[in-house]
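# Survey of secondary and tertiary structure
Residue-level listing of the chains:
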Amino acid sequence: MSSWSVFESLGHPEVFLVLAVLVGLVLGSFYTVCISRTVARLRWDDEHTNEPRPATSILWPPSHCPQCRVPLRARELVPVLSYLALRGRCAHCHAAIPLGYPLLELLSGCLAGLFALHYGASGAFLVCLGFSGLLIVASGIDLGTFRLPDVLTLGAVLPAMLCAVMFLDLSWKESLLGAALGGGIFWSVGVAFKKLRNIDGLGMGDVNLMLLIGALCGPLALPGIVIAAGLSALLAFPFFLKYGSADTSLSPREVPIPFGPFLSFGALLHLLFGTQLLHWWLG
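Below is a short write-up of the structure. All values reported here derive from a predicted model rather than from experimental measurement. (Residues numbered from 1 in each chain as written. Predicted model: local features only at pLDDT ≥ 70, side-chain atom pairs only at ≥ 80, totals over all residues. Heavy atoms only, no water.)

## Things to note about the side chain of Ser82
The condition that has to hold: Only runs of H or I of at least four residues qualify as helices and only runs of E of at least two qualify as strands under DSSP, and these elements are numbered from the N terminus. Whether a residue is buried, partly exposed or exposed follows from its accessible area with a 1.4 Å probe, protein chains only, as a fraction of its type maximum: under 20%, in between, or over 50%, in that order. The contact rule is simple, with two residues in contact once any of their heavy atoms fall within 4.5 Å.
You can see Ser82 is positioned in helix H2 (residues 81–85). The buried category is assigned to Ser82, whose relative accessible area is 6%. Among all residues touching Ser82, those that are not within four sequence positions of it are Arg75, Glu76 and Leu77.

What follows is the structure, encoded as structure tokens:
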């Protein structure tokens, strides 16, 4: 557990916890913009419709209702509370606001609070906060498009190594080995699945995500992360079986399931409780 170090001016741990949750809620609102605009753009690229191309920037235009395009006022941008005050509908056109928006904001706020409790005001807290945001955004895009953008996965591998060595008590050897094992094993499984069944069981996006997770968490964390991902995906399978595809002719084996969110769940679980779980497992 890291000491107060740089953040001593924030005062008591309780104050830092509240600030962390508030920051997490605000970041969650930003994550919804990143996810919704990226998903809309990727879907537009796939469908080649005559509709205007969605915004490609996450910063411009400012937040607006996707139905009536009216810019949102400041009081309509307060995480979670605005959704409750508006009763889940746009103030201008009364279109329904997706429930996923406030839920994602709550998820981000809760994770920030848990990281604050676990790491205190430290560099490790900032690392976990940053990479949890990346995993949330990547998972949201994967759920919406069955894609994991390389810019989020491969682009974050080197920063993950640097942060793991500087703030998460991993050595360079452990970080490199984690990346090699994470990406290499998943790549091998994907190739074997393709040869055996002639269909893609794991995409390269999952391979690149495991490369990133291995670099951040190290080799000893990989078994627990994969087990957590597999169990959570198994629990979620009935949902995807019912709602995951509009093609009702698909057999249960053919129903597509985005695995990125479950790998991200395993990684977040490790960042929060990995040391305790590892000691319990080895003990």
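## A word on the packing of aromatic side chains
Defined as follows: Each pair of aromatic rings taken from Phe, Tyr and Trp, with Trp reduced to its six-membered ring, is defined by centres within 6.5 Å and is described as stacked if the planes are under 30 degrees apart, edge-to-face if over 60, and tilted in the remaining cases.
Scanning all chains against the criterion turns up seven aromatic pairs. With a centroid separation of 6.5 Å and 55° between ring planes, the pair formed by Phe30 and Tyr31 is classed as tilted. Accessibility expressed as a relative area gives 34% for Phe30, which makes it partly exposed. Taking relative accessible area as the criterion, Tyr31 reaches 7% and is therefore assigned buried. Here Phe186 and Phe259 contribute two aromatic rings whose centre-to-centre distance is 6.4 Å and whose plane-to-plane angle is 15°, an arrangement assigned as stacked. Here Phe186, found in helix H7 (residues 172–197), pairs with Phe259, found in the loop between helix H9 (222–243) and helix H10 (260–282); they are 73 residues apart in sequence, far enough to count as distant. Taking relative accessible area as the criterion, Phe186 reaches 8% and is therefore assigned buried. Relative accessible area serves as the criterion here: at 17%, Phe259 is assigned to the buried category.

## A few points about the packing of helix H4 (residues 123–145) against helix H6 (residues 157–167)
Our working definition: What counts as an axis is a line fitted to C-alpha atoms, over the stretch in contact for a helix, and the angles between N-to-C directions run from 0 to 180 degrees. Each angle gets one of four labels, with under 35 degrees taken as roughly parallel, over 145 as roughly antiparallel, 65 to 115 as roughly perpendicular, and the rest as oblique. By definition, turning the near helix anticlockwise from the far helix through less than a right angle yields a left-handed crossing, and turning it clockwise yields a right-handed one. In the scheme used here, Gly and all other residues not listed as nonpolar or charged are polar, with Ala, Val, Leu, Ile, Met, Phe, Trp, Tyr, Cys and Pro taken as nonpolar and Asp, Glu, Lys and Arg as charged.
Relative to each other, H4 and H6 sit at 155°, their axes nearing to 10 Å. As the angle between them shows, H4 and H6 are arranged roughly antiparallel. Where H4 crosses over H6, the handedness of that crossing is left-handed. Across the interface between the two elements, Gly123, Ala124, Val127 and Phe131 of H4 pack against Pro159, Ala160, Cys163 and Phe167 of H6. Counted by class, the contact of H4 with H6 contains seven nonpolar, one polar and no charged residues.

## A look at the packing of H6 against helix H8 (residues 204–217)
Between H6 and H8, whose axes approach to 7 Å, the crossing angle comes to 15°. On the basis of the axis angle, H6 is roughly parallel to H8. Remark: the crossing between H6 and H8 carries right-handed chirality. Contact residues: Val157, Ala160, Met161 and Ala164 in H6; Leu211, Leu212, Ala215 and Leu216 in H8. Here the residues of the contact of H6 with H8 sort into eight nonpolar, no polar and no charged.

## Focus: H6
Along H6, the residues that are buried comprise Val157, Ala160, Met161, Cys163 and Ala164. Two residues or fewer past H6, Asp169 is found with a positive phi of approximately 65°.

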